[in-house]
Amino acid sequence: MKSVDTAQNINDLRKRAKRYLPKGLYEFIARGSENEVALQHNRYVLDALKIKQQVLVDVSARSTETALFGQRLAMPLVIAPTGAAGLLRYRGEAQLARAATAAGIACTVAMASNTDLGIVRQEATGTLWLQVYLAPDPLANRALIERAQRLGYNGLVVTVDTPVAPNREYNWHNGFNLPVTLNRRNAFDLATHPRWLLGVLGRYLLHEGFPRFEPIQRDERADWSAIQRVREYWRGPLIVKGIGSAEDARLAVQAGIDGLVLSNHGGRNLDSAASPLELLATVAASVEGRLPILLDSGVMRGSDVFKALALGASAVMVGRAPLYGLGAGGQAGALRALALLRQELDRCMAYAGVCNIAEIGAAQLHTATVAARPGGAL
Ligand SMILES: Cc1cc2nc3c(=O)[nH]c(=O)nc-3n(C[C@H](O)[C@H](O)[C@H](O)COP(=O)(O)O)c2cc1C
């Protein structure tokens, strides 16, 4: 098998992950919801924004280092929570977390993690955050969050953009329903991916049984008071993920949280959602610097990270990019994904004539807003 270090970009890693993984699992990761408009729109908006090149500036002493919630990051990147990581590779969450530690960034472990939170904490010495959905039983949430606190998790991300299960029809077509059960369609899919079958499913069956992958229970009645209740007992940074408008960003500030993630869930939820990047300048203006804004959804290149920072984000979350690395080559593949993003960001900084993350701002963009697509929707 080719070393992951020969992968030249995230797309190379994606193609390798696609070959390794059963189709149902690959599509669960890569695809969007309904007509996949949000997924494509995220990419379009990122590509449409242009970085201003600045020449004949001394850029010899560059650094991608930054700090977030008092935690040092080697670059303004955080691994986003992804429920399925443990299905891509054996104890995939631990492999992702170790890659993040090696790259000097934070990793968010999803509530739906296949790997126990304690195991992930033991395996990774770096910054770890826990992500939760608001469950119908607040005591269940509290027990999980307090356990993470005892284990030494350094941040809490509460995801609020999924009050009901999203509509991802391809999962049904692929026989990839929850809870996962074996049927003719997915049995064929598994049989034609023997490396994954032995290397991942086989190892789970040998050591701990069929991997846990259950639908998450969400509280459709949850409102901002649920965030305030969490605030009362969680002592670390509290980050709300899934903000999609300036109005909700203002409410997030009022709720006294420490950070927000502007996100459309990677185009996996509301298919008519706006792209977080096109909202960013307005959201940043409404928040007035009172809390750091993180952005995710569609980030696949260092230039994407640069653009988010230029429009006012303090850092960026990446979901699929490290997952493609993980699928392509476990921990080494995830680390390769992070290294590629760092190199690309660093190169972008040199072209834009900046040496530090703090220098990146609207002045490095040709326009602060995205140009209209000819005849298009923007
Ligand atoms: C396979 C997969 C599983 C995900 N599971 C969760 C989850 O359990 N909780 C959550 O808050 N977000 C989840 N997300 C969304 C990510 O945290 C993040 O918002 C999104 O992936 C960002 O877009 P990107 O993949 O284009 O980077 C998941 C995303 C993917 C791709």
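What counts, and where the lines are drawn
- Residues numbered from 1 in each chain as written.
- Predicted model: local features only at pLDDT ≥ 70, side-chain atom pairs only at ≥ 80, totals over all residues.
- Heavy atoms only, no water.
- UniProt positions renumbered as here; feature names shortened; annotations may be inferred.
- Helix = DSSP H or I, 4+ residues; strand = E, 2+ residues; numbered from the N terminus.
- Buried < 20%, exposed > 50% of the residue type's maximum accessible area, 1.4 Å probe, protein only.
- Contact = heavy atoms within 4.5 Å.
- Lys, Arg positive; Asp, Glu negative; His and termini not counted.
- Charge placed at Lys NZ, Arg CZ, Asp CG, Glu CD.
- Axes fitted to C-alpha atoms, helices over the stretch in contact; angles between N-to-C directions.
- Parallel < 35°, antiparallel > 145°, perpendicular 65-115°, else oblique.
- Nonpolar A, V, L, I, M, F, W, Y, C, P; charged D, E, K, R; others polar.
- Near = heavy atom within 4 Å.
- Polar contact = N/O pair within 3.5 Å; in protein donor to acceptor, adjacent residues only side chain to side chain.
- Areas by Shrake-Rupley, 256 points an atom, 1.4 Å probe, with all protein chains shown as cover.
- Phe/Tyr/Trp six-rings, centres within 6.5 Å; stacked < 30°, edge-to-face > 60°.
- Lys NZ or Arg CZ within 6 Å of the ring centre and 35° of its normal.
- Salt bridge = Lys/Arg side-chain N within 4 Å of Asp/Glu carboxyl O.
- Disulfide = S-S within 2.5 Å.
- Arc of directions from axis to C-beta.

- Looking up the chain in an unreviewed UniProt entry gives the name Alpha-hydroxy-acid oxidizing protein, with the organism given as Pseudomonas typographi.
- As its UniProt record puts it under Cofactor (unreviewed entry), the chain is described as follows: "FMN".
- Under the Sequence similarities (unreviewed entry) heading, UniProt states for the chain: "Belongs to the FMN-dependent alpha-hydroxy acid dehydrogenase family."

A word on the overall build of the chain
No. 1: Counting its regular elements, the chain contains 15 helices and 10 strands.
No. 2: Along the longest, intermediate and shortest principal axes, the C-alpha atoms of the chain span 60 × 50 × 45 Å.
No. 3: A buried classification covers 54% of the 378 residues belonging to the chain.
No. 4: For the chain, long-range pairs separated by at least 24 residues make up 74% of all intrachain contacts whose partners lie at least 6 apart in sequence.
No. 5: In the chain, 42 positive and 33 negative side-chain charges are present, and the distance between their average locations comes to 6 Å.

Re the packing of helix α3 (residues 37–48) against helix α13 (residues 276–287)
No. 1: Contact pair α3 / α13: the axes reach a minimum separation of 8 Å and the direction vectors enclose 60 degrees. By the angle between their directions, the pair α3 and α13 is classed as oblique. Where α3 approaches α13, its residues H41, N42, V45 and L46 are matched on the opposing element by P276, L277 and E278.
No. 2: A per-class count over the contact of α3 with α13 returns 4 nonpolar, 2 polar and 1 charged.

Let's talk about unusual backbone geometry
No. 1: Residues other than glycine seldom take positive phi values, yet E34 does so here, at roughly 40 degrees.
No. 2: With respect to the helices and strands, the residue E34 is situated in the loop between α2 (23–30) and α3.
No. 3: The backbone of F69 shows a phi angle near 50 degrees, a positive value even though the residue is not glycine.
No. 4: Position of F69 among the secondary structure elements: in the loop between β1 (66–68) and β2 (71–73).

A closer look at the site of the ligand
No. 1: In the vicinity of the ligand there are 22 residues, among which P81, T159, D296, G298 and G319 approach most closely.
No. 2: Residue H265 places a side-chain N or O atom 3.3 Å away from a nitrogen atom belonging to the ligand.
No. 3: G319 places a polar main-chain atom, nitrogen or oxygen, 2.9 Å from an oxygen atom of the ligand.
No. 4: Considering the ligand on its own, with 600 Å² of exposed area, one finds that the protein chains cover 97% of that surface.
No. 5: Of all the secondary-structure elements, those providing two or more residues to the shell around the ligand are α2, β5 (128–133) and α15 (320–352).
No. 6: Looking at side-chain class alone, the shell around the ligand contains 8 nonpolar, 10 polar and 4 charged residues.

Some thoughts on the packing of aromatic side chains
No. 1: The tally for this structure, following the rule as stated, stands at 3 aromatic pairs.
No. 2: Seen from the ring of Y133, R218 lies directly overhead, with NZ or CZ sitting 4.8 Å from the centre.
No. 3: Just above the ring of F28 sits the side chain of R268; from NZ or CZ to the centre is 5.0 Å.

Section: the pattern of salt bridges
No. 1: Scanning all chains against the criterion turns up 14 salt bridges.
No. 2: In the salt-bridge network here, residues are joined through shared partners; they are E27, R31 and E36.

Considering the state of the cysteines
No. 1: Evaluated as defined, the whole model comprises 0 disulfides.
No. 2: The thiol of C348 is not disulfide-bonded; the next cysteine sulfur, from C355, is found 14 Å away.
No. 3: The exposure class assigned to C348 is buried, which follows from its relative accessible area of 12%.

A few points about the environment of L46
No. 1: Take L46: it is sitting in helix α3.
No. 2: For the pair formed by L46 and P276, sequence separation is 230 residues and the distance between their alpha carbons is 9.6 Å.
No. 3: Setting aside anything within four residues of it in sequence, one finds L46 in contact with L277, S297, G298, V299, D304 and K307.

Quick notes on helix α9 (residues 184–191)
No. 1: All of the buried residues along α9 are N186, D189 and L190. The buried side chains of α9 occupy one side of the element, clustering within an arc of 95 degrees when seen end-on. In α9, the exposed positions that point more than 90 degrees away from the buried face belong to R184, F188 and A191.
No. 2: Here the buried face of α9 lies against α2 and α10 (194–207).
No. 3: Regarding α9, its N-cap is N183, as a side-chain oxygen of that residue lies 3.2 Å from the backbone nitrogen of R185 further along.

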